Amino acid sequence: MRTEHMREKLVIKGGKPLKGNVTVSGAKNAAVAILPAVILCEGRCEIDNLPNIEDVRLIDYLLCKMGAKTQLNSTTMSIDASGVTEHIVDNDAVKLMRASYYLIGALLGRFGKAEVCLPGGCAIGLRPIDQHVKGMKALGAEVKAEFGMLKAYAPNGLIGTDIYLDVVSVGATINIMLAAVLAQGKTTIVNSAKEPHVVDVANFLNCMGAKVKGAGTDVIRISGVEKLHGCSYSIIPDQIETGTLMIAAAATRGDLTIENVIPTHMEALSAKLMEMGVRVEEGDDSIRVTCPNRPTHVSIKTLPYPGFPTDLQQPATVLLSTAEGASIIVENIFESRFKHINEIRRMGANVSIDGRMCVVEGVERLTGAPVRATDLRAGAALVVAGLMADGQTEISGVKYIDRGYDHIEGKLKSVGADIHREKMSDAEEYEFF
Ligand code: EPZ
């Protein structure tokens, strides 16, 4: 695992329109669920179109520590999890990532018991896991949190049942699917999340021999099977990387064609961009974004899919910071997802926050400044800010960005951005840590 990136910064000289063609990587939030899901099967799985990101390397590291045999080659991974015999994972690496909660569902599904450190991840809100716990309890597990571990035991095995989620949760929907595919009988998840990566995980489970129906709607029905087998699977393109690039294209008044995408996954963003006056043209597996004029203000409310994704709220706020007029943004999913705003204020943005709402008064331009990424999408938002600002922006906290974006500076450079990575000076490091 790399650690030196913690001491790096991205340096951007802004004002260059993004032009040309760029290819999107595989979906992070599908990959971080599909890799732990491999624990459920007895054979070898070949996973393709993985994003080359820190979170994937972290799961690879954890799977190896647990006894799996893996071979990771940038975007493909071969995994044989038959050597995983232990249901306890108390490795500190678990705490670095939110998605490590999928190890609980996968281990519980395979062994009927799991003990995993409580998950970490981006500090964007309280992020409770009560719905995950509710689902596992409904399936017959005793679940408790103690000594920093989440412990789930189903001494009589997991038994399928009906589970109604009180909130639409991506993580709980996927975790319950993982636990239920090998349970006895039928499980129904009502009010399930409909995100593209939920569907991708269900497709992967089915590829291993599971019987999951209805993913992508708000009722998922699972018929438990006795065992799962190995398979080859290719992960869908990353909806959020696609959206970040679309926003960056608009923010730099560029002309960018984004390839290897699923345009229907982008409809909420495409509609908002068009409302701002940005041109969005959909191909079969590409999207072209052009923005000759200054965008106009819009209102955005984040919602579960197919609503506007919370993961694109931060970059969208930055785009709106130089739009004509005042925009209103309401963040309905995570209560602390405005941390990038303090940073873009340093670049000249005029934004006021009131609880879960912010008002963005469009200014003529942003100007470069040293800023700090506090979480993954805040980092992506600051990259967008740096690309559109006059002068030089230096972004510390690159470790957050590397968790979810595959070679972000290489891709942006290939379409005209002036961006590179540098080691922080001793003084910058002192201030950062
Ligand atoms: C997933 O987080 C993603 N992470 C997030 O992406 C994404 O922002 C989020 O879904 C929403 O789309 C991964 O897939 C690894 P949720 P998750 O459970 O599963 C509440 C990124 O930047 N809730 O759908 O943690 C919760 O507090 C990341 O890539 C409960 O109340 O999100 C939130 O308000 C960040 N109880 C809402 O539901 C629970 O048990 C949605 O959360 C679970 C969630």
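For clarity, every value in this text was computed on a predicted model and none was experimentally measured.

**Section: the environment of Thr23**
For step 1, the next point in the chain: Inspection of the secondary structure puts Thr23 in strand β2 (residues 19–23).
For step 2, the next point in the chain: For the pair Thr23 and Glu241, spaced 218 residues apart in the sequence, the C-alpha separation amounts to 9.8 Å.
For step 3, the next point in the chain: For Thr23, the contacting residues outside a window of four places in its chain are Glu241, Glu259, Asn260 and Lys411.

**Some words on the pairing of strand β21 (residues 357–361)**
For step 1, the next point in the chain: Of the two faces of β21, only the one carrying Cys358 and Val360 is buried; Met357, Val359 and Glu361 on the other face are not.
For step 2, the next point in the chain: Bridge count for strand β19 (residues 326–330) against β21 is 5 bridges, and the pairing is antiparallel. Bridge assignment links Ser327 to a residue of β21, and that residue is Val360.
For step 3, the next point in the chain: Examined bridge by bridge, strand β20 (residues 350–354) and β21 share 5 bridges and lie antiparallel to one another. Residue Ile353 lies in a different strand from β21, and its bridge partner there is Cys358.
For step 4, the next point in the chain: Between β20 and β21, which pair antiparallel in sequence order, lie 2 residues; one of them, Gly355, sits at a positive phi of approximately 65 degrees.

**Description of helix α9 (residues 313–320)**
For step 1, the next point in the chain: The element α9 is largely enclosed, with a buried count of 8 among its 8 residues.
For step 2, the next point in the chain: Of all the positions in α9, only Gln313, Gln314, Pro315, Ala316, Thr317, Val318, Leu319 and Leu320 are classed as buried.

**A short note on the pairing of strand β15 (residues 255–259)**
For step 1, the next point in the chain: Of the pairings in the sheet, the one linking β2 to β15 comprises 5 bridges and is parallel in character. Counterpart to Lys19 in the pairing with β15 is Asp255.
For step 2, the next point in the chain: Taken together, the 5 bridges between β15 and strand β17 (residues 286–290) define a ladder with antiparallel strand orientation. Within the sheet, the bridge partner assigned to Ile258 lies in β17 and is Ile287.

**Here's the deal with helix α6 (residues 196–207)**
For step 1, the next point in the chain: Taking 1.5 Å per residue as the helical rise, α6 with its 12 residues ought to reach 16 Å, and the 16 Å between its terminal C-alpha atoms agrees with that figure.
For step 2, the next point in the chain: Within the span of α6, buried status applies to Pro196, His197, Val198, Asp200, Val201, Ala202, Phe204 and Leu205.
For step 3, the next point in the chain: Note on α6: the residue one or two positions beyond its end, Gly209, has a positive phi of about 105 degrees.

**Considering the domain arrangement of the chain**
For step 1, the next point in the chain: One can read the domain layout of the chain as domain 1 (4–25 + 237–432) and domain 2 (28–234).
For step 2, the next point in the chain: Between domain 1 and domain 2, the C-alpha centre-to-centre distance is 30 Å.
For step 3, the next point in the chain: With 25 residues of domain 1 in contact, the opposing surface of domain 2 contributes 22 residues.
For step 4, the next point in the chain: Roughly 1900 Å² is buried in total at the junction of domain 1 and domain 2, and carbon and sulfur atoms are behind 55% of that figure.
For step 5, the next point in the chain: Looking at the side of domain 1 facing domain 2, the largest losses of area belong to Tyr305, Phe334 and Arg403, adding up to 33% of the total buried there.
For step 6, the next point in the chain: There are 1 salt bridge connecting domain 1 and domain 2.
For step 7, the next point in the chain: Put simply, Asp55 and Arg403 hold a salt bridge, and the shortest N to O gap is 3.0 Å.

About the criteria used
Residues numbered from 1 in each chain as written. Predicted model: local features only at pLDDT ≥ 70, side-chain atom pairs only at ≥ 80, totals over all residues. Heavy atoms only, no water. Helix = DSSP H or I, 4+ residues; strand = E, 2+ residues; numbered from the N terminus. Contact = heavy atoms within 4.5 Å. Buried < 20%, exposed > 50% of the residue type's maximum accessible area, 1.4 Å probe, protein only. Pairing = 2+ DSSP bridges. Expected span 1.5 Å × (residues − 1). Domains from an automatic or database assignment. Buried area = accessible area lost by both parts, 1.4 Å probe. Salt bridge = Lys/Arg side-chain N within 4 Å of Asp/Glu carboxyl O.

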